[in-house]
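Working through the structure, step by step
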Amino acid sequence: MYHFPFQSKYKVMSKSFFSFILLLLVGNLFAQTADDIINKHFEATGGKDKWSKVYSLRGSGNYVMGPGMLAPVTDITVAKPFKGIYGDFTWQGMTGKHAMRADSGWNYQPFSGKRDADPMSPNEIRSYKLSSDPQGLLFNYKDKGYTVEYLGTDDMDGSDVYKLRLTTQQGDMVYYYIDMETSYILKEVTRIKLKDKEEKNSVIYSDFRKTDYGVTVPFSFQSVDDDGNTQGGPVNFNKVEVNTNVDASLFDKPKSK
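Residues numbered from 1 in each chain as written. Predicted model: local features only at pLDDT ≥ 70, side-chain atom pairs only at ≥ 80, totals over all residues. Heavy atoms only, no water.

**Observations regarding the nonpolar core**
Counting residues in each nonpolar core, the largest one holds 33 residues, and the members touching the most others are Leu 138, Val 148, Leu 164, Leu 166 and Tyr 176. Of all elements in the fold, only α1 (5-44), β7 (147-156), β8 (159-167), β9 (173-179), β10 (185-193), β11 (198-210), β12 (216-224) and β13 (235-242) reach the threshold of two or more residues within this core. Ignoring anything within four residues of it in the chain, the contact list for Leu 138 reads Ile 38, Phe 42, Val 148, Leu 166, Tyr 176 and Ile 185. By size, the runner-up hydrophobic cluster in this structure holds nine residues, among which are Ile 76, Tyr 86, Trp 106 and Ala 117. (Core = buried A, V, L, I, M, F, W, Y, C linked by side-chain atoms within 4.5 Å. Buried < 20%, exposed > 50% of the residue type's maximum accessible area, 1.4 Å probe, protein only. Helix = DSSP H or I, 4+ residues; strand = E, 2+ residues; numbered from the N terminus. Contact = heavy atoms within 4.5 Å.)

Here it is as structure tokens:
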């Protein structure tokens, strides 16, 4: 068989050329994938126009402590007229509460006989801020000063998911596992790096429903450990209300009893 040098050279050039093009395409894919995934998520859950007008979420339901053991709970996140988060938990006639407004907050837990509210530590406030945005941290994340990276795909209990990592200005990170089929967020893992340790919390979301306002949110969430084992019972909401008037007095520190 005759050997033509220019054919070999052409093959090498062609291979190099197509490899270069492939690298460009892959680079562009990774550069754009995070925003594409985020956009699909918000479109699948009501549309960015609706989400842009969300300023409060109020969930009410029960914490499942065991078979037939339900503790009523309320969970509120609000962005205006002030930014804050409020939650309460009622059991055996007593109601524990916590609230954060801007950069201060308090915890009130009467179950051990305590009758005074304790101020939140800076680390607690830092942690609560990661879950106090009613739109979610991913919505307009660049305007909020965050960065997001696409980390590839993963398998979560049989569901194919995209994995994203959001990083705040303080260096805290939130990992999102987003279902490839529905574009719903199935899991969040938060990592907060403190001076002497790292705090890690994982939450799995389920029972996605469309609210009366028109955005779809999870009506159930469950805390899990690194191995996926449940930590306590799930919280199941009966109702999630969007943009309801929030009673500002809920955020006032309870008076000593």
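Moving on, there is more to tell.
**Some points on the layout of surface pockets**
When its volume is computed, the second largest pocket comes out at roughly 500 Å³. Ranked by the residues each element gives to the lining of the second largest pocket, the list is headed by helix α3 (residues 122-129), at four residues. (1 Å grid on protein atoms, 1.4 Å probe; cavity = no way out; pocket = protein on both sides within 12 Å on 5 of 7 lines; lining within 4 Å. Points joined across faces, edges and corners; volume = space filled by probe spheres on them.)

**So, the pairing of β7**
Here β7 runs beside β8; their pairing, made up of eight bridges, is antiparallel. Following the sheet pairing, Tyr 150 is matched in β8 by Leu 164. Linking β7 back to β8 in an antiparallel pair, the connection comprises two residues, with Asp 157 at a positive phi of about 50 degrees. (Pairing = 2+ DSSP bridges.)

**Thoughts on the side chain of Lys 187**
Relative to the helices and strands, Lys 187 resides in strand β10. Salt bridges are absent for the buried Lys 187, whose nearest opposite-charge side chain, Asp 157, sits at 7.3 Å. Excluding residues that lie within four positions of it along the chain, Lys 187 makes contacts with Met 156, Tyr 175, Tyr 176, Tyr 177, Ser 202, Val 203, Ile 204 and Tyr 205. (Lys, Arg positive; Asp, Glu negative; His and termini not counted. Salt bridge = Lys/Arg side-chain N within 4 Å of Asp/Glu carboxyl O.)

**A short note on the environment of Phe 221**
In this structure, Phe 221 sits in strand β12. Here Phe 221 falls in the partly exposed class, since its relative accessible area comes to 25%. Through-space distance from the C-alpha of Phe 221 to that of Phe 237 is 9.0 Å; in sequence the pair is 16 residues apart.

**Topic: the pattern of salt bridges**
Under the counting rule described, the total for this entry stands at eleven salt bridges. Asp 172 is the salt-bridge partner of Arg 126, the closest N and O atoms lying 2.7 Å from each other. Of this pair, Arg 126 sits in helix α3 while Asp 172 is found in the loop between β8 and β9, placing the two residues 46 residues apart along the sequence. With relative accessibility at 1%, the residue Asp 172 sits in the buried group. Salt-bridge contacts for Arg 191 lead to Glu 198; the nearest nitrogen and oxygen are separated by 2.7 Å. What makes Arg 191 partly exposed here is its relative accessible area of 21%.

**Quick notes on the pairing of strand β4 (residues 94-101)**
Alignment of strand β3 (residues 84-91) against β4, held across eight bridges, turns out to be antiparallel. Paired with Asp 88 across the bridge in β4 is Lys 97. Connecting the antiparallel pair β3 and β4 is a turn made up of two residues, with Gln 92 showing a positive phi of about 55 degrees. By the bridge criterion, five bridges tie β4 to strand β5 (residues 104-108) in an arrangement that is antiparallel. Note on β5: the bridge partner recorded for Met 100 is Gly 105. Linking β4 back to β5 in an antiparallel pair, the connection comprises two residues, with Ala 102 at a positive phi of about 60 degrees.

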